[in-house]
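Listed below, chain by chain, are the residues.
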Amino acid sequence: MAAQNTFVWTGLDKNGRKNQGEIVAASQALAKAQLRKQGISAKTVKRKASPLFSLGGKKIKSSDIAIFTRQMATMMKAGVPLVQSFDIVAEGLENEAMRTLVTSIKDDVASGGGFAPSLAKHPKYFDDLFCSLVGSGEDSGTLEIMLDRVATYKEKTEALRAKIKKAMTYPIAVIVVAIVVTGILLVKVVPTFAETFRGFGADLPGFTLFVLRISEFVQAWWFIILLATMGAGWSYSQAMLRSKKFRDRIDALSLKLPIIGGIVHDSVVARFSRTLSTTFAAGVPLVEALESTAGAAGNAIYSAGILQIRDDVTSGTSLYQSIRATGLFPSMLLQMTSIGEESGALDEMLGKVADQYETQVDDAVDNLSALMEPMIMAILGVLIGGLMIAMYLPIFMLGSVI
């Protein structure tokens, strides 16, 4: 797909009045064509110049897409025409990148393209599941209902992701700060005590000598340690980005970790149930729904399992038997799936499973947060408190001798 550029135009609008604005298109010719379709007689169309010095605008986050979806659903429910809804939503956006994205979609829709095909031009922000659900709403004439379902799905998914992210961010941030403070103490503070200890003329405690040796090592190699840490972080990020095998191993490992593994498992089950419930309620065929669900699973082990379920369903096996054959999903999901298939209310049963496991994830994350606080305090006590004890221990011993 060709890169999208922003063009600034001046000309006459439908009413013959002078006007100006911006439009997103792949080329200047396409920008002019889109303007003509909108009834605008353009005099000048120029590519918008990039600022000479720029810190970069805000990136578009998945939470921005969730908010956009909810706003569009609200506009459509209120009876506002689709193109006008885009204008209203775009005017209220503070994120320039998000406003540009919404404007681009609006221009595509206004020039005769469908909503779902316009979204599909931006796969970075709208995945196949999103486009499939919106397309189903367009085809059935229930776009406002489908947008509401998609918005609910995105909001619940984002809430689950934000809950887990919040629980992990705090302890990681505290540990990083503790390591940085410890490094500063070893490089700047401990050497000052070392100079003082040389004038004591007595043997130092073993713990103090151990800390002094660590300090000498860090002073000599701190730059190499810093580069190695940064290199390890960069290598990890690149491996996650480029190597599917590495990502699969990390996903498999995450399921085996104590406490964390249970949260990952429950979150995947909740995401699977919520996604399949939403797609099935939208009238998406089960095989296509399972393909979309596999892409949204968030874990390679479960993605492979869901694709196996899809293959089994394609060959004529019931959904309940197909899920059971993987051995990955809990009995509650199996029983609710069986009831849903027999009663014809599969989307409702899966929705209840999603609610249950989302609640379990919330409770598990809250418990993890409560558990992490004393662990963090213990780590801080060992790192910083241990250094202080090591430095003041010779002084206390000297005072007792005197």
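Predicted, not measured: the structure shown is a model, and the values here were computed from it.

Colleague: Could you give me a rundown of the packing of aromatic side chains, with the residues and numbers involved?
Modeller: Counted according to the given criterion, the structure contains 8 aromatic pairs. Seen in terms of ring centroids, tryptophan 222 and phenylalanine 223 are 5.7 Å apart; in terms of plane orientation they differ by 80°. Their pairing is edge-to-face. You can call phenylalanine 223 partly exposed: its relative accessible area is 45%. What links up through ring pairs into an aromatic cluster is the set Phe68, Phe86, Phe115, Phe126 and Phe130.

Colleague: I'd love a proper account of the side chain of threonine 278, names of residues and values included.
Modeller: As for its position among the elements, threonine 278 is in helix 10 (residues 260–281). Exposure remark for threonine 278: the relative accessible area of 11% places this residue in the buried category. Setting aside its immediate chain neighbours within four residues, threonine 278 contacts Leu133, Arg149 and Tyr153.

Colleague: Could you give me a rundown of empty space enclosed by the protein, with the residues and numbers involved?
Modeller: Tallied over the entire structure, the rule returns 2 cavities of 30 Å³ or more. The computed volume of the largest cavity comes to approximately 40 Å³. Residue lining of the largest cavity: Asp127, Leu129, Phe130, Leu133, Val150, Tyr153 and Lys154, and that is the complete set. Partitioned by chemical class, the residues of the lining of the largest cavity number 5 nonpolar, no polar and 2 charged. Contributing to the lining of the second largest cavity are Lys156, Thr157, Leu160, Ala270, Arg271, Arg274 and Glu358. A breakdown of the residues in the lining of the second largest cavity according to their chemical character gives 2 nonpolar, 1 polar and 4 charged.

Colleague: Talk me through the packing of helix 2 (residues 62–77) against helix 3 (residues 82–91); I want residue IDs and the actual numbers.
Modeller: Where helix 2 meets helix 3, the axes come as close as 10 Å, and the angle between the chain directions of the two elements is 130°. The orientation of helix 2 relative to helix 3 falls into the category oblique. Regarding helix 2 and helix 3, the two cross each other, and that crossing is right-handed. On helix 3, the residues that touch Phe68, Gln71, Met72, Met75 and Met76 of helix 2 are Leu82, Ser85, Phe86, Ile88 and Val89. Partitioning the contact of helix 2 with helix 3 into residue classes produces 8 nonpolar, 2 polar and no charged.

Colleague: Describe a nonpolar patch on the surface, with residues and values.
Modeller: Where nonpolar side chains cluster on the molecular surface, the patch consists of Phe217, Trp221, Trp222, Phe223, Ile224, Ile225, Leu226, Leu227 and Met230 and spans about 930 Å² of accessible area. Checked against the element boundaries, leucine 227 lands in helix 8 (residues 206–242). Classification of leucine 227 as partly exposed rests on a relative accessible area of 44%.

Colleague: Help me get a handle on the environment of alanine 29, residues and values and all.
Modeller: Its location among the elements puts alanine 29 in helix 1 (residues 28–37). Sequence spacing of alanine 29 and alanine 239 is 210 residues, and the spatial spacing of their C-alpha atoms is 40 Å.

Colleague: Explain the layout of surface pockets to me, using residue names and the numbers behind them.
Modeller: Where empty space is left can be seen by rolling a probe of water-molecule size over the atoms. If you add up the space inside the largest pocket, you get close to 1400 Å³. Surrounding the largest pocket, 46 residues form its lining, Arg161, Arg271, Ala297, Gly298 and Asn299 being those nearest its centre. By residue number, the principal contributor to the lining of the largest pocket is helix 7 (residues 143–197), which donates 8 residues. Residues belonging to the lining of the largest pocket are distributed by class as follows: 24 nonpolar, 9 polar and 13 charged. For the second largest pocket, the calculated volume is near 800 Å³.

Colleague: An account of the environment of isoleucine 105 is needed here, citing residue identities and associated values.
Modeller: Within the secondary structure layout, isoleucine 105 lies in helix 4 (residues 96–110). Classification of isoleucine 105 as buried rests on a relative accessible area of 0%. In this structure the C-alpha to C-alpha distance between isoleucine 105 and valine 83, which are 22 residues apart in sequence, comes to 9.4 Å. When near neighbours in sequence (up to four residues on either side) are disregarded, isoleucine 105 contacts Phe86, Phe115, Ser118, Leu119, His122 and Phe126.

Colleague: Which residues make up helix 2, and what are the values?
Modeller: With 16 residues, helix 2 should cover 22 Å at 1.5 Å per step; its first-to-last C-alpha distance of 23 Å lies within 8% of that length. Within helix 2 the residues assigned to the buried category are Asp64, Ile65, Ala66, Phe68, Thr69, Met72, Ala73, Met75 and Met76. The secondary structure elements touched by the buried residues of helix 2 are helix 3, helix 4, helix 5 (115–120), helix 6 (128–140) and helix 7. Immediately beyond the C-terminal end of helix 2, within one or two residues, lies glycine 79, with a positive phi of roughly 85°.

Colleague: Please give an account of the environment of lysine 46 that cites residues and values.
Modeller: Tracing the sequence through the fold places lysine 46 in strand 3 (residues 41–47). A relative accessible area of 56% means that lysine 46 is categorised as exposed. Taking the C-alpha atoms as reference points, lysine 46 and valine 150, separated by 104 residues in sequence, lie 37 Å from one another. Excluding residues that lie within four positions of it along the chain, lysine 46 makes contacts with Thr6, Phe7, Val8 and Gln28.

Calculation rules
- Residues numbered from 1 in each chain as written.
- Predicted model: local features only at pLDDT ≥ 70, side-chain atom pairs only at ≥ 80, totals over all residues.
- Heavy atoms only, no water.
- Phe/Tyr/Trp six-rings, centres within 6.5 Å; stacked < 30°, edge-to-face > 60°.
- Buried < 20%, exposed > 50% of the residue type's maximum accessible area, 1.4 Å probe, protein only.
- Helix = DSSP H or I, 4+ residues; strand = E, 2+ residues; numbered from the N terminus.
- Contact = heavy atoms within 4.5 Å.
- 1 Å grid on protein atoms, 1.4 Å probe; cavity = no way out; pocket = protein on both sides within 12 Å on 5 of 7 lines; lining within 4 Å.
- Points joined across faces, edges and corners; volume = space filled by probe spheres on them.
- Nonpolar A, V, L, I, M, F, W, Y, C, P; charged D, E, K, R; others polar.
- Axes fitted to C-alpha atoms, helices over the stretch in contact; angles between N-to-C directions.
- Parallel < 35°, antiparallel > 145°, perpendicular 65-115°, else oblique.
- Left-handed = near helix turned anticlockwise from the far one by under 90°.
- Patch = residues over 30% accessible without salt bridge, like charges linked within 9 Å, V, L, I, M, F, W, Y side chains within 5 Å.
- Areas by Shrake-Rupley, 256 points an atom, 1.4 Å probe, with all protein chains shown as cover.
- Salt bridge = Lys/Arg side-chain N within 4 Å of Asp/Glu carboxyl O.
- Expected span 1.5 Å × (residues − 1).

Honestly, that's just the spatial picture; any functional story needs more than this.
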